[in-house]
Amino acid sequence: MFLVHPKRESKKEIKLFGAVQICDTAFLVYKNSEGNIVLKSGGDEKLQKRAVKNMLKKNPAVKQLLNKYKIKPSINTKTLKELAGGHMNETCNIAKGVYEILAGSCEPEIDEATVKEASMLHDLGKVLIPSKILNKPARLNKKEREIMNIHSTLGYELLKTQGVREEILELVKYHHQNLNKSGYPEFEHEFSQNLPLGMQIVSIADKYSALREARVYRRKLSRIESLLILYKEVREGKIHCSVYEALVKYASLYDSDV
Ligand SMILES: [Fe+2]
Ligand SMILES: [Fe+2]
C-alpha cells in the first residue's frame with residue numbers, strides 16, 4: 001500500500017471511508033484506480049466537499065444524526081491525522097497489552113486482532129465532530145456534550161458501510177460504555193447480558209490513554225494519577241477489578257511514566 005497525495009485523483013477514483021491498517025495505524029482512506037490507498041490529507045476543498053457528499057449519500061444514518069444535532073457535514077482531517085497517529089494508536093497498544101495479560105488467566109471470547117482493530121478505529125467518528133467542540137479549552141456545556149457523545153455512534157455508522165466486521169463495529173459503538181452500563185450509547189442487548197470483555201478492554205485502554213495525554217483543558221496526568229482515577233471507577237462499578245488489575249500490570253511493565 002502507498003500513501004499518495006489526493007490532489008492527483010480524478011472524480012471517479014474516489015472511494016472514501018474505507019478503513020485500513022497502514023504501518024500499524026488506522027486511517028480514513030480511499031482507493032485510486034491502481035488500488036493504492038490514499039490518505040485524505042485535506043487542502044483540496046473541492047475534493048473534500050465531493051467526498052463528504054459521497055459519504056452522506058452512502059450513509060443515511062450518519063446524515064440523520066448530523067441533521068438531528070444540526071452539525072454541518074465536514075471532515076475534520078487535522079483531527080483524523082492526530083487521532084490516527086496518537087490516541088487511537090496508543091489505545092491499541094494498551095488494549096493489546098491488557099488483552100494479553102488477561103488471556104494468561106482466562107479464555108477471552110474475542111480474539112486479539114478484533115480488539116486491536118477496534119481500538120485503532122474507536123474514535124473515527126470524531127472526524128465529523130466540529131473542531132470548536134472537540135478542541136474547546138474548557139468544560140463542554142450540555143448541548144456540546146450531547147454532540148461530542150455521538151462520536152461513537154457516528155464511527156459505528158461510518159464503518160458499517162465499509163464491510164468492517166460486526167464484532168469490531170460493536171466495540172467501536174460501545175467504547176464509552178461501562179461495566180455497570182452507565183456510559184453511552186445505551187447498551188441495546190439483553191438487560192441481563194454482561195458487558196463483553198472486549199468492550200471492557202477497549203474502554204479501559206481508551207480511558208487510560210486519554211488520561212496519559214495532555215488535553216487542551218488539562219495537563220497530561222502521571223501513571224499513578226491516571227490509575228487512581230480509574231480505581232475510583234472500579235469502586236463505582238464502572239470497571240471490573242480483573243480488567244483494572246491487568247491494566248495496572250500493563251502500566252507497571254510498559255508505561256515508563258514520562
Ligand atoms: Fe471516544
Ligand atoms: Fe478515545
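Residues numbered from 1 in each chain as written. Chains lettered and ligands numbered in written order. Predicted model: local features only at pLDDT ≥ 70, side-chain atom pairs only at ≥ 80, totals over all residues.

### Re the overall build of the chain
When helices and strands are counted, the chain shows twelve helices and three strands. Counting across all 258 residues of the chain, residues that qualify as buried make up 34%. Contacts in the chain between residues far apart in sequence, at least 24 positions, make up 67% of those at least 6 positions apart. (Helix = DSSP H or I, 4+ residues; strand = E, 2+ residues; numbered from the N terminus. Buried ≥ 20, exposed ≤ 12 C-beta atoms within 10 Å, placed from the backbone. Contact = placed C-beta atoms within 7 Å.)

### Structural notes on the environment of S74
One can find S74 in the loop between α2 (60-68) and α3 (77-85). The exposure class assigned to S74 is partly exposed, which follows from the 15 C-beta atoms found within 10 Å.

### Topic: the confidence of the model for the chain
Looking at the chain as a whole, its pLDDT mean stands at 80, while 76% of the residues score no less than 70. Contacts from residues 1-32, a stretch scored under 50 in pLDDT, to residues over four places away or in other chains number 80 contacts. A low-confidence stretch, residues 35-43 (pLDDT under 50), is modelled with 33 contacts involving residues beyond four sequence positions or located in other chains. (pLDDT = per-residue confidence, 0-100.)

### Quick word on unusual backbone geometry
At the junction of Y184 and P185, the peptide bond is cis and its omega measures out at -10° in the coordinates. Mapping P185 onto the fold places it in the loop between α9 (166-173) and α10 (197-211). In the Ramachandran plot, K70 falls in the positive-phi region, its phi being about 50° despite a non-glycine side chain. With respect to the helices and strands, K70 occurs in the loop between α2 and α3. In this model, K181 sits at a positive phi of 60°, which is unusual for a non-glycine residue. Relative to the elements of secondary structure, K181 occurs in the loop between α9 and α10.

### What about the packing of helix α11 (residues 223-235) against helix α12 (residues 241-254)?
At a minimum axis separation of 10 Å, α11 and α12 run at an interaxial angle of 175°. Between α11 and α12, the interaxial angle falls into the category roughly antiparallel. Along its contact with α11, which presents R223, L227, L230, Y231 and V234, the element α12 presents C241, Y244, L247, V248 and A251. Residues that form the contact of α11 with α12 fall into these classes: nine nonpolar, no polar and one charged. (Axes fitted to C-alpha atoms, helices over the stretch in contact; angles between N-to-C directions. Parallel < 35°, antiparallel > 145°, perpendicular 65-115°, else oblique. Nonpolar A, V, L, I, M, F, W, Y, C, P; charged D, E, K, R; others polar.)

### Looking at the environment of I201
Tracing the backbone through its elements, the reader meets I201 in helix α10. A sequence separation of 107 residues divides I201 from I94, and the C-alpha atoms of the two residues are 8.8 Å apart.

### Quick look at α12
Taking 1.5 Å as the rise per residue, α12 with 14 residues should run 20 Å; its terminal C-alpha atoms sit 20 Å apart, in good agreement. For α12, every residue scored as buried is listed here: V243, Y244, A246, L247, Y250 and A251. One face of α12 carries all of its buried residues, which in axial projection span an arc of 160°. When the buried face of α12 is taken as reference, the exposed residues oriented beyond 90 degrees from it are C241, S252 and L253. Looking at the buried positions of α12, the neighbouring elements they touch are α4 (87-103), α10 and α11. (Expected span 1.5 Å × (residues − 1). Arc of directions from axis to C-beta.)

### Here we look at the packing of α10 against α12
At a minimum axis distance of 10 Å, the contact between α10 and α12 shows a crossing angle of 45°. Overall, the two elements α10 and α12 adopt an arrangement that is oblique. Between α10 and α12 lies a crossing whose hand is right-handed. Contact residues: α10 offers Q200, I201, I204 and Y208, while α12 offers V243, Y244 and L247. Of the residues contributing to the contact of α10 with α12, the split by class is six nonpolar, one polar and no charged. (Left-handed = near helix turned anticlockwise from the far one by under 90°.)

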